Amino acid sequence: AAGLPVRYPEGHPALQCVERARTVRADAGSVSAERARAWALERQWPGDAVHALCAVLRSRGRTLGVVTFLRASGRSRFTRSDTAYAEDVATRIATALDLAEAVRERPEE
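A few points on the structure. (Residues numbered from 1 in each chain as written. Predicted model: local features only at pLDDT ≥ 70, side-chain atom pairs only at ≥ 80, totals over all residues. Heavy atoms only, no water.)

**Structural notes on the packing of aromatic side chains**
(1) Moving on: Counted according to the given criterion, the structure contains one aromatic pair.
(2) Moving on: Aromatic side chains Trp 39 and Trp 45 sit 5.5 Å apart centroid to centroid with 65° between the ring planes, which places their arrangement in the edge-to-face category. Judged on exposure class, the residue Trp 39 and its partner Trp 45 are both buried. (Phe/Tyr/Trp six-rings, centres within 6.5 Å; stacked < 30°, edge-to-face > 60°. Buried < 20%, exposed > 50% of the residue type's maximum accessible area, 1.4 Å probe, protein only.)

So this is what it looks like as structure tokens:
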């Protein structure tokens, strides 16, 4: 709906993030290592990912994309402080992308 070129299936956490315009956390849950690997690969993530945090990239009211942070089973789930950090990083990335686009569109002098 936002015009983003993605190959993710409906319901993917990155797409949910864009639809809701807010951060989305997801995890494989308490499943076998084999099922967790399948969960990650279905989402086009590395096979050892079991925790995900997707933050929307927005600048000047426009959605530019999504940044996804992943953790393997050796790490804990993402917390609220991780979410705040991810949102800060997403803001910085979106600002940089927006600025780069603005500079590229400027006519050369």
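**Description of helix H2 (residues 33-42)**
(1) Moving on: Turning to H2, its buried residues number three or more, namely Ala 36, Trp 39 and Ala 40. Viewed along the axis of H2, the buried residues span an arc of 95°, placing them on a single side of the element.
(2) Moving on: Buried residues in H2 make contact with strand E1 (24-27) and strand E2 (49-59).
(3) Moving on: Directly beyond the C-terminal end of H2, a positive phi value near 65° is found at Gln 44. (Helix = DSSP H or I, 4+ residues; strand = E, 2+ residues; numbered from the N terminus. Arc of directions from axis to C-beta. Contact = heavy atoms within 4.5 Å.)

**Examining the side chain of Ser 59**
(1) Moving on: In this structure, Ser 59 sits in strand E2.
(2) Moving on: Looking at Ser 59, the relative accessible area reads 9%, which means it is buried.
(3) Moving on: Among residues more than four places away in sequence, those in contact with Ser 59 are Leu 64, Ala 94, Thr 95 and Asp 98.

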